[in-house]
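Report on the structure
Chain residues, written in single-letter form:
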Amino acid sequence: MENGGLTLEEFGRNIVDLVMTEDLIRRRATALVPAARREERELKVLGKVSRLTLDVEPGDAAVTRGTSGAFDVAIPHALTVRVETEGEAEAAVYKLGATVALRITPRPAAPLGIFLDVAEPAAESILFAEPQAGARDFLRARIEEEARRELLRLVRDRLADSRAERTVDLEEPLARALELAGADPGARDAPPPSRLRGAGAAATLQGALASEMDAQLRALGDAMPLQVWTARPDGRVDFVNRVILDYFDRTEAQILGEGWLAMVHPDDVQRTVAAWTRSLETGEPYHTEFRLRRARDRTYREHVVSALPQRDREGNIVRWIGGTTDVADVRKAEAALRQSEARYRLFAEASNEGIWFWDIREDTVEWSDRLLELVGVRRETWGGSFASFYDRVHPDDRDGIQAALKAHLEERRPFEIEYRIRHEDGSYRDVFTRGMAEWDDKGVPFQMAGGAMDITERKRQQAVLEERLEIIERQQEAIRALSTPIIEVWKGVLTMPVLGVLDEQRSQQMMEVLLEAVARTRCRHAIIDLTGVSALDAATADHVLRLIDAVAMLGAQGIVVGIRPEVAQTVVSLGLDLSNIKTLSNLREALLFAMQSSGVSVKRRRRRRARRERADDADDADDAEGTRAPRDG
């Protein structure tokens, strides 16, 4: 079709080029984003409640003409985020630079206009500028995610409200296009083209557009890497793209119509035809699975097939557009993944360990059944956030949890910690948990997973064991005290009897006990009684010699008593020199020696005691005589 020497395609392109300028898109896009504003919300970071204040200031949009008539729009935003956290005196302030990326595609709109279709903005459409070196931390990453959510919400709300504002009227630009195409100057005063359309022109235009659309559809199908096909309303395939021909190594004539059924696995033909017939009769979308034979290795592989009906204005189906996807490799990977998950689940259950997963960006926490059982909570009542977990941690252990998580997320230190968590019945369970985060290419942690083990019983047994070990230690101390008794037999005279075998450890203990007693009492003599030692070797004799030397260094004289004959023979046979040591036969002789060395006269004491004994005997005799006298009288 021609209009003043222009084809329909050239005519439409002129209209779009005249109207859809980058300046127009820039002005329209600027109106689509929220104006400068302030938003406030509550934020919980590692269990602490914070108040977040977000100031948003949009800048000038940058527009780039993309492919297929679309426009890429980038709108910079300056954000100031203030975070006030409970328990912290100063607020944290972050200056962030973010860019909101939009894709705007002009589409025809009735009666005569273009609708600016804006693609649904995703999280990836909000890009943040890289922070300065050393400025990135876990809190900044959380702030960026919260700012991204808020910006997405604002942009999406604004796009929903601006739908009526996104239609560009083409009547005036169309008139200008007709003038440029060589229309009669007198046509300027004629009614707008939208009011001059006749039935013949509309039919011609519709036919031309349909033919053009069909050609573009086929070109697009051949360009796609997927298996794409179309079918007539009666279900007969009338187009397959190049990928299908290569996959089955067939010509188009062999596949069109119902030829494609020859590639279907014989066991799947009846079910496939039944599903296809049901969609043709009801007009419902076609979706099924069956096996197709690949020409390369002549094996049957699982395929997922879907098709949607294309309808005219009256609702009649004019074409089916479908796609076929080889999912054999995906199914194998899914089976391997299920097997891996089953093995890991079996391992977790066998090891009595609960599994947890934390989506840091979304702040959602998933717990396994074992972990829910550990705290006695049902899945439907589990909060599913970090705060839900943090509120159950014992108050005295929360600071440790925060410090360990911060060190792991920011410095990548290993995360392993013990803490107490509240059971549903109010009691606390001891838990040991370990985990590992995953960081994106910018070094921002976005998820973390790990396991938790109930160690309450182990801690209880450990406490019992420590208590018993303490009792045993006290008993051993008592036994050691009994095995090395120190007796003060006279003022300035100490004696220490030795029983059993004298080894290195015991000799060291005896030396410590004896030296402490000598220093405390300031004694002059220390008697070491070996009466209880049945055998003496070179090592034991060496211990005794060192003990005597140590006592001498404190100003006391060491005396050895109680050496048995067999011990004496051993000393002689070993050639030990005990000449420098004072040795006596028994404790009585050693005590007399010590007393004499201290200047006490033993004879005088003996005489004094003898006189006392004689006087006592005389008194007893007098008493007896006095008793008999009255009887004689």
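Described below are features of the structure shown in this document.

**Notes on helix H2 (residues 22-32)**
Restricting attention to buried positions, one finds in H2 the residues Leu24, Ile25, Ala29 and Leu32. Summarising the axial view, the buried residues of H2 lie within an arc of 125°, below the 170-degree limit, and thus occupy one face.

**Observations concerning helix H12 (residues 398-411)**
In an α-helix, one turn spans 3.6 residues, which is why side chains three or four residues apart end up on the same side. Over its 14 residues, H12 runs 19 Å from end to end, which matches the ideal 20 Å to within 8%, given 1.5 Å per residue. Regarding H12, the residues found buried are Ile401, Gln402, Ala404, Leu405, Ala407, His408 and Leu409. Just past H12, the residue Arg412 takes up positive phi, approximately 60°.

**So, the nonpolar core**
If you look at the biggest cluster of nonpolar residues, it comprises 69 residues, and the most contacted ones within it are Ile25, Val73, Ile143, Trp358, Trp367, Phe389 and Met448. Per element, the largest residue contribution to this core is 8 residues, and it comes from helix H3 (residues 138-161). In this structure Trp367 touches Ile355, Trp356, Leu372, Val375, Arg379, Trp382, Phe389 and Ile421, once residues within four positions along its chain are discounted.

**Overview of unusual backbone geometry**
Its identity is not glycine, yet Asp249 carries a phi of approximately 55°, on the positive side. Tracing the sequence through the fold places Asp249 in the loop between helix H6 (242-248) and helix H7 (252-255). Residue class for Asp249 comes out exposed when judged on its relative accessible area of 61%. Here the phi dihedral of Arg298 falls at roughly 55°; this positive angle occurs in a residue that is not glycine. Mapped onto the elements, Arg298 comes out in the loop between strand S13 (286-294) and strand S14 (299-311). Exposure remark for Arg298: the relative accessible area of 62% places this residue in the exposed category.

**Looking at the environment of Glu373**
The residue Glu373 is located in helix H10 (residues 369-375) in this model. Expressed as a C-alpha distance, the spacing of Glu373 and His423, which sit 50 residues apart in the sequence, is 9.4 Å.

**What about the environment of Pro58?**
Residue position: Pro58 is located in strand S4 (residues 48-58). For the pair Pro58 and Pro76, spaced 18 residues apart in sequence, the C-alpha to C-alpha distance is 6.0 Å. With residues up to four places along the chain from it excluded, the contact list for Pro58 reads Pro34, Ala35, Ala36, Pro76 and His77.

**A short note on the packing of aromatic side chains**
Under the counting rule described, the total for this entry stands at 11 aromatic pairs. With a centroid separation of 5.7 Å and 70° between ring planes, the pair formed by Phe386 and Phe389 is classed as edge-to-face. With a gap of 3 residues between them, Phe386 and Phe389 both fall in helix H11 (residues 386-390), about one helical turn apart. Neither Phe386 nor Phe389 differs from the other in exposure class; each is buried. When the centroid spacing of 5.8 Å and the interplanar angle of 80° are considered together, the rings of Phe389 and Tyr419 count as edge-to-face. Of this pair, Phe389 sits in helix H11 while Tyr419 sits in strand S18 (residues 415-422), and the two are 30 residues apart along the sequence. Put simply, the rings of Trp358, Trp367, Trp382, Phe386, Phe389, Tyr390 and Tyr419 pair up and form one aromatic cluster. Here the guanidinium or amino end of Arg398 rests over the ring plane of Tyr390, the centre of that ring lying 5.3 Å away.

Conventions we followed
- Residues numbered from 1 in each chain as written.
- Predicted model: local features only at pLDDT ≥ 70, side-chain atom pairs only at ≥ 80, totals over all residues.
- Heavy atoms only, no water.
- Buried < 20%, exposed > 50% of the residue type's maximum accessible area, 1.4 Å probe, protein only.
- Helix = DSSP H or I, 4+ residues; strand = E, 2+ residues; numbered from the N terminus.
- Arc of directions from axis to C-beta.
- Expected span 1.5 Å × (residues − 1).
- Core = buried A, V, L, I, M, F, W, Y, C linked by side-chain atoms within 4.5 Å.
- Contact = heavy atoms within 4.5 Å.
- Phe/Tyr/Trp six-rings, centres within 6.5 Å; stacked < 30°, edge-to-face > 60°.
- Lys NZ or Arg CZ within 6 Å of the ring centre and 35° of its normal.

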